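# A closer look at the structure
Here are the chains, one letter per residue:
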Amino acid sequence: MPRLIFLGSSNAVPSEEHDNTHMLLSGEQHNVLIDCSSNPVVRLRRAGLNPLSITDLILTHFHPDHVSGLPMFLMDSWLLGRKEPINIYGLDTTVEKARQMMKLYDWQTWPNFFPVHFVSIPLMVKTLVLETNEFRIVASPVAHMIPNIGLRVEFPGLGKVLAYSSDTIPSTAVTELAHRADWLIHEAAGAAVGHTSAEQAGEVAHQAGAKKLYLIHYQTWNFDPSSLVQEAQRHFAGPVQLAMDFEYIDI
Ligand SMILES: [Zn+2]
């Protein structure tokens, strides 16, 4: 059974209990890391997963709290003996910056490095990112400070749908990605530039007809986020939960 595991739930400033937002979509043959914060090797281990089992990595956008773990993840995978290739998906600009970042580390000089395939996703609505026999992932541009994508994951065999907003202001692109989704994972960093409040996330969930809302990417270091649930419930009648590190959704 596929599973979505929250490896981090915080906005850009993490806390002891909440790492920066990133997650794992775990299937039978594919383990897809969604964003690459801090050091995913540590988070994956703590979640009981082999870091070498990651087959694919989707980078939503090139902000440090979503990509700064990439050099450590790649280097540690190499040092742990990885031989299998990995696919890294992102928009052109994201993938290009990821390449540049690795170049700054002179990674081309690291001997016997495993193959890394960068895959550019066109900046289009509902672009296919990855399709396996278990799930189908599509991406649409959302509205953040820099180019960014939200995701819709369909599980055809199970008739289930999961959507993830990534960082964005309230966006019709997310409403469409989350159309009648069983789970919408929406950021709730607050109504600041490029972001969404919990109340607005509730509105998006309502408009999308989503069945359940998870709030993620919320403020943690100096703030008790539990009140965000009630804020989201002002506009959304379904269940609302705070995404918590290492909790998971069984699809
Ligand atoms: Zn961001």
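Provided above is the structure to which this section pertains.
Computed from a prediction, not measured in an experiment: that's the story for all the values here.

All right, on to the coordination of the zinc ion then. Within the protein, the atoms that donate to the zinc ion are His61 (NE2), His63 (ND1), His144 (NE2) and Asp167 (OD), at distances of 2.2 to 2.4 Å. Angles of 87 to 168 degrees at the metal separate the four donor atoms of the zinc ion, which places the site in the irregular class. The sequence pattern formed by the donor residues of the zinc ion is H-x1-H-x80-H-x22-D. Of the two residues, His61 sits in the loop between β4 (56–58) and α2 (64–67) while Asp167 sits in the loop between β10 (160–164) and α5 (172–177), which places them 106 residues apart along the sequence. When sorted by exposure, His61 lands in the same class as Asp167, which is buried.

Okay, the sheet that holds strand β2 (residues 22–26) next. Strands sit in the order β6-β5-β4-β3-β2-β1-β14 across an open sheet of seven strands; the sheet is mixed. Two strands close off the open sheet at either side, each with one partner strand: β6 (116–121) and β14 (248–250). Strand-to-strand twist across the sheet, computed as the mean angle between neighbouring axes with direction ignored, equals 20 degrees. Pairing between β2 and strand β3 (residues 31–34): four bridges, direction antiparallel.

Bringing the sheet that holds β10 into the picture now. Strand order in the open sheet formed by seven strands is β7-β8-β9-β10-β11-β12-β13, with mixed pairing between adjacent strands. In the strand order of this sheet, the two ends are held by β7 (127–131) and β13 (240–242), each with one partner. For this sheet, the mean angle separating the axes of adjacent strands, direction not counted, is 20 degrees. Note: strand β11 (residues 183–187) against strand β12 (residues 213–216), four bridges, orientation parallel. Of the residues in β12, the one forming a bridge with Leu184 is Leu213.

The next subject is the side chain of Arg152. Inspection of the secondary structure puts Arg152 in strand β9 (residues 149–155). At 2.8 Å, the side chain of Arg152 forms a polar contact with the side chain of Glu154. Here the side chain of Arg152 touches Leu177 through a polar contact of 2.8 Å, landing on its backbone oxygen. Those residues in contact with Arg152, other than ones at most four positions away along the chain, are Arg136, Ile137, Val138, Val161, Leu162, Ala163, Glu176, Leu177, Ala178 and His179.

Within this structure, the stated rule accounts for nine salt bridges. Taking the shortest distance from any N to any O, the salt bridge between Lys211 and Asp182 comes out at 3.2 Å. Residue Lys211 is found in the loop between α6 (198–208) and β12, and its partner Asp182 is found in the loop between α5 and β11; the two are separated by 29 residues along the sequence. Taken together, the salt bridges that share partners define one network made up of Asp19, Arg43 and Asp245.

Under the definition given, this model contains eight aromatic pairs. With a centroid separation of 6.1 Å and 70 degrees between ring planes, the pair formed by Phe135 and Phe155 is classed as edge-to-face. One end of the pair, Phe135, is in the loop between β7 and β8 (136–141); the other, Phe155, is in strand β9, with 20 residues separating them in the sequence. According to the relative accessible area criterion, Phe155 is buried, its value standing at 1%. Aromatic ring contacts, followed pair by pair, group Trp78, Trp107, Trp110, Phe113, Phe114 and Phe118 into a single cluster. Taking NZ or CZ as reference, Arg3 lies 3.6 Å from the ring centre of Tyr248, over its face.

Reading guide: rules and limits
- Residues numbered from 1 in each chain as written.
- Predicted model: local features only at pLDDT ≥ 70, side-chain atom pairs only at ≥ 80, totals over all residues.
- Heavy atoms only, no water.
- Donors = N, O, S within 2.8 Å, 3.2 Å for Na, K, Ca; no water.
- Tetrahedral: all angles 85-135°; square planar, octahedral: opposite > 155°, others 65-115°.
- Helix = DSSP H or I, 4+ residues; strand = E, 2+ residues; numbered from the N terminus.
- Buried < 20%, exposed > 50% of the residue type's maximum accessible area, 1.4 Å probe, protein only.
- Pairing = 2+ DSSP bridges.
- Axes fitted to C-alpha atoms, helices over the stretch in contact; angles between N-to-C directions.
- Polar contact = N/O pair within 3.5 Å; in protein donor to acceptor, adjacent residues only side chain to side chain.
- Contact = heavy atoms within 4.5 Å.
- Salt bridge = Lys/Arg side-chain N within 4 Å of Asp/Glu carboxyl O.
- Phe/Tyr/Trp six-rings, centres within 6.5 Å; stacked < 30°, edge-to-face > 60°.
- Lys NZ or Arg CZ within 6 Å of the ring centre and 35° of its normal.

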